[in-house]
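Letter by letter, the chains look like this.
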Amino acid sequence: MIRLNPSYAGWVSGRKLLRLPFILRSLPGHHRRLFSGQKEAPKTTGDVDAGVSPPVDLDVVKALLHRTIGGLAYRKTSTGPDAGWLDFTGRIPKQDLEDLVQACDPATFGRGNKDVLDPSYRRAWKLDTSRFASQFDVVKSGLLEVIHDELLRYGDSSLKIDAQLYKLNVYGPGSHFKSHLDTPRSDIMFGSLVVVLPTTHVGGDLVLRYKENTAWTFESSKLVGEAEGTQGTPRLAWAAFFSDIEHEVSVVESGYRVSLTYNLNYTDNSSAPSLPASQPTAEEANLKKALRDLLASPDVLLDGGALGFGLTYKYPIPLTTEDIDFVPLARRLKGTDAVLKRICSDFNLECQVMGLYDYQDEECDVDPGAPYRVYLTPKALPIGAWDDEDIGSLLETLNDPKNFRVLDATRPLQPQIDVKSADYIEADPTTAIALLWATPSNDLVSVPTPIMAYGNQTEVDWRYANLVLVAIVPPYKDRLGHIAGNS
Ligand SMILES: O=C(O)CCC(=O)C(=O)O
Ligand SMILES: [Fe+2]
């Protein structure tokens, strides 16, 4: 297997010039925007997410949400004509929920490349979309506008989104779903939406984990139904998040929790409005200043080179080995990753999403004796077990002028390095580039990542990749103009 040299993180974070921890810590406000939930009763004012003032009228959204709860019809068996009905505008009798459970199938999930039924990991019931119809209308509810503003505020403002109904899930006493990512099902899928319908229950919180030690708990049971403070008015609760964020549903202690899950996709033909360009936040301004200081220093890449940013989020790529192009992903960067690109563009730095490959492993020594065997590539390269034939074809693929051979990836940067002095590089058609990691790539795995350990279904065509954003930095004297004119 190809692996990254673990020393990347060490030397990057050791560079005081880079103010690395500052860059990473400077976006805490953004974390709150990873997910949102309806926290206020309908018709009361209040932000869905403190610190954000989206242009949509949240009161209207909440009122619409309330009005569009409606009911749920389902087929009792997969083939028969019998149907059941739940009316969410009033209190639902327990028997009706037990009847719904009777109609459901046990919920499976993806482990490795198999769909498995394992109640110790996921204990829940589900109905496929062919078996139910909900009156709740996600488009009319206004939720998509809020999600668009919250999750994609830093991204390409022309992207529109759509929610594709995926499953109905029921969690009864003892039900839960342990930690997993939502399996990528296409390159247009970026997020997941969970709508919890108003039924009385205790437990069943949705817990989202962004990084170790950073968790948010979405206590949907306290937001729906007859929970304290809701005056008994049935309400929906919802959470939207990037699908590659680890999440789990905690154990339901009593009652039944019924949720609709949606895949959030980019779309070309949605009626969703385009996102207005968002105002830079304080965190973004700080990050921009850090980057400007970096570029304004002659000690940094004096003769030009590149800055590397390990991307925070994972992105779906096809599982085929042929011709996987990372470049289009630049348009679909999420959250913090999109901010980085936006700031680099402000300084006129050309950015590319690339895969990072380290061929310094003994099992795959593509170029014995060469000191630099780390590559950044705009297209996926083969990985796996190596025999002579593989290495031959790998070398052919590597020798593409669009690929970067990364210089000094394992040592502190020596900006004065004379690229041409290394004999073997002259014969190498790839572009040698001095690269400085601005955010660590220590968590990056070469692309594609190993098959996802736990997903909400098995997926044979797509997987998540850990990628890098590379910003080409002109020589010091050429970049000064852009830095000075941009604050
Ligand atoms: O019902 C929920 O809150 C989410 C369930 C979930 O994570 C999934 O179905 O993938
Ligand atoms: Fe999930």
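Because the structure is predicted, anything quoted here is derived from the model rather than measured.

Novice: Any details on the packing of helix H7 (residues 282–295) against helix H8 (residues 335–346)? Residues and values, ideally.
Specialist: Direction vectors running N to C along H7 and H8 enclose 50°, while the axes themselves pass 10 Å from each other. Relative to H8, the element H7 is oriented oblique. In terms of crossing hand, the pair formed by H7 and H8 is right-handed. Facing Glu284, Leu287, Lys288 and Leu291 of H7, the residues of H8 in contact are Val339, Leu340, Arg342, Ile343, Cys344 and Asp346. Tallied by class, residues from the contact of H7 with H8 come to six nonpolar, no polar and four charged.

Novice: Account for the site of ligand 1, naming residues and giving values.
Specialist: Near ligand 1, the surroundings consist of 14 residues, among which His180, Asp182, Arg257, Ser259 and Asn456 are the closest. Residue Arg257 places a side-chain N or O atom 2.7 Å away from an oxygen atom belonging to ligand 1. At 2.8 Å from an oxygen atom of ligand 1 is found a side-chain nitrogen or oxygen belonging to Ser259. Burial of ligand 1 by the surrounding chains reaches 99%, relative to a free accessible area of 290 Å². It is strand E18 (residues 257–267) that contributes the most residues to the shell around ligand 1, three residues altogether. Class assignment of the residues belonging to the shell around ligand 1 gives a composition of five nonpolar, six polar and three charged.

Novice: An account of the side chain of Ser220 is requested, with residue identities and associated values reported.
Specialist: Looking at where Ser220 falls in the secondary structure, it is placed in the loop between strand E14 (214–218) and strand E15 (237–242). Once residues within four sequence positions are removed from consideration, Ser220 is found in contact with Val196, His201, Gly204, Asp205, Ala237 and Arg257.

Novice: Help me get a handle on the state of the cysteines, residues and values and all.
Specialist: This model, assessed by the stated rule, comprises zero disulfides. Cysteine Cys344 is unpaired, with the sulfur of Cys351 as its nearest cysteine sulfur at 4.0 Å.

Novice: Got a sec to walk through the sheet that holds strand E21 (residues 374–377)? Specific residues and values, please.
Specialist: Spatially, six strands are ordered E19-E23-E22-E21-E20-E25 in a closed barrel, and the strand pairing comes out mixed. Between one strand and the next, the sheet's axes are offset by a mean angle of 50°, whatever the strand orientation. Strand direction decides the pairing type here: strand E20 (residues 350–358) and E21, joined by four bridges, are antiparallel. Residue pairing across strands places Leu356 opposite Leu376, the latter belonging to E21. Strands in contact with H8 are strand E19 (305–318), E20 and strand E25 (462–473); relative to E19, the strand with the most contacts, it is inclined by about 145°.

Novice: Can you lay out the sheet that holds strand E24 (residues 454–455) for me, pointing to particular residues and giving the numbers?
Specialist: Pairing within the open sheet is antiparallel, and its three strands lie in the order E5-E4-E24. One side of each edge strand has no neighbouring strand; the edge strands of this open sheet are strand E5 (114–116) and E24. Two strands pair when backbone bridges link them, and strand E4 (residues 109–111) and E24 are joined in this way by two bridges, in the antiparallel orientation. Considered in E24, the bridge of Gly110 is made with Gly455.

Novice: Requested: an account of the packing of H7 against helix H11 (residues 476–484), with residues and values cited.
Specialist: Close contact between H7 and H11 brings their axes to 10 Å; oriented N to C, the two are set at 145°. Here H7 runs over H11; the crossing is left-handed. Residues Arg292, Leu294 and Leu295 of H7 lie in contact with H11, whose contacting residues are Tyr476, Arg479 and Ile483. Tallied by class, residues from the contact of H7 with H11 come to four nonpolar, no polar and two charged.

Novice: Account for the packing of aromatic side chains, with residues named and values stated.
Specialist: Using the criterion set out here, one finds four aromatic pairs in the structure. A centroid spacing of 4.9 Å and a plane angle of 65° characterise the contact between Phe242 and Tyr313, whose relative ring orientation is edge-to-face. With a gap of 71 residues between them, Phe242 in strand E15 and Tyr313 in strand E19 connect regions that are remote in the sequence. By relative accessible area, Phe242 is classed as buried at 0%. Note on Tyr313: relative accessible area 1%, which makes it buried. Aromatic rings pair up to connect Phe109, Tyr121 and Phe177 into one cluster. The side chain of Arg185 reaches across the aromatic face of Tyr166, ending 4.1 Å from its centre. Over the aromatic face of Tyr315 sits the side chain of Lys334, whose NZ or CZ is 4.9 Å from the ring centroid.

Novice: How would you explain the pattern of salt bridges if you had to name every residue and give the values?
Specialist: Charged atoms that come close allow side chains of opposite charge to pair. For the coordinates displayed, the defined rule picks out 13 salt bridges. For Glu284, the salt bridge goes to Arg342, with nearest N and O atoms at 2.9 Å. One end of the pair, Glu284, is in helix H7; the other, Arg342, is in helix H8, and 58 residues separate them in sequence. Between Asp293 and Lys289 there is a salt bridge, and its shortest N-O distance comes to 2.9 Å. Here the residue Asp293 and the residue Lys289 both occupy positions in helix H7, the gap between them amounting to four residues, near one helical turn. Salt bridges linked by common partners bring Lys126, Asp128 and Lys167 together as one network.

Novice: Got a sec to walk through the nonpolar core? Specific residues and values, please.
Specialist: One finds Leu100, Leu193 and Leu307 to be the most contacted residues of the largest nonpolar core, which totals 104 residues. Here this core spans two domains, since at least three of its residues come from each of domain 1 (7–27 + 278–484) and domain 2 (56–267). Other than its neighbours up to four places away in sequence, Leu193 contacts Val138, Leu143, Ile147, Trp238, Ala239, Ala240, Leu260, Thr261, Tyr262 and Leu264. Formed by 12 residues, the second largest nonpolar core is a distinct cluster that contains Leu356, Phe404, Val406 and Val470.

Novice: Explain unusual backbone geometry to me, and be specific about the residues and the numbers.
Specialist: Glycine aside, a negative phi is what most residues show, and trans is what most peptide bonds show. At Leu301, a residue that is not glycine, the phi angle is positive and equals roughly 45°. Its place among the elements puts Leu301 in the loop between H7 and E19. Since its relative accessible area comes to 2%, Leu301 is described here as buried. The phi angle at Asn348 is positive, at roughly 65°, despite the residue not being glycine. Here Asn348 shows up in the loop between H8 and E20. We classify Asn348 as partly exposed; its relative accessible area is 48%.

Novice: Can you explain the confidence of the model for the chain? Please cite residues and give values.
Specialist: Interpreting fine coordinate detail is not advised for predicted regions of low pLDDT. When pLDDT is averaged across the chain, the result is 74; 68% of the residues are at 70 or more. Confidence over residues 1–56 falls short of pLDDT 50; this stretch has 153 contacts with residues more than four positions distant or in other chains. Every residue in residues 442–451 is under pLDDT 50, and counting partners more than four places away or in other chains gives 37 contacts.

Calculation notes
Residues numbered from 1 in each chain as written. Chains lettered and ligands numbered in written order. Predicted model: local features only at pLDDT ≥ 70, side-chain atom pairs only at ≥ 80, totals over all residues. Heavy atoms only, no water. Axes fitted to C-alpha atoms, helices over the stretch in contact; angles between N-to-C directions. Helix = DSSP H or I, 4+ residues; strand = E, 2+ residues; numbered from the N terminus. Parallel < 35°, antiparallel > 145°, perpendicular 65-115°, else oblique. Left-handed = near helix turned anticlockwise from the far one by under 90°. Contact = heavy atoms within 4.5 Å. Nonpolar A, V, L, I, M, F, W, Y, C, P; charged D, E, K, R; others polar. Near = heavy atom within 4 Å. Polar contact = N/O pair within 3.5 Å; in protein donor to acceptor, adjacent residues only side chain to side chain. Areas by Shrake-Rupley, 256 points an atom, 1.4 Å probe, with all protein chains shown as cover. Disulfide = S-S within 2.5 Å. Pairing = 2+ DSSP bridges. Phe/Tyr/Trp six-rings, centres within 6.5 Å; stacked < 30°, edge-to-face > 60°. Buried < 20%, exposed > 50% of the residue type's maximum accessible area, 1.4 Å probe, protein only. Lys NZ or Arg CZ within 6 Å of the ring centre and 35° of its normal. Salt bridge = Lys/Arg side-chain N within 4 Å of Asp/Glu carboxyl O. Core = buried A, V, L, I, M, F, W, Y, C linked by side-chain atoms within 4.5 Å. Domains from an automatic or database assignment. pLDDT = per-residue confidence, 0-100.

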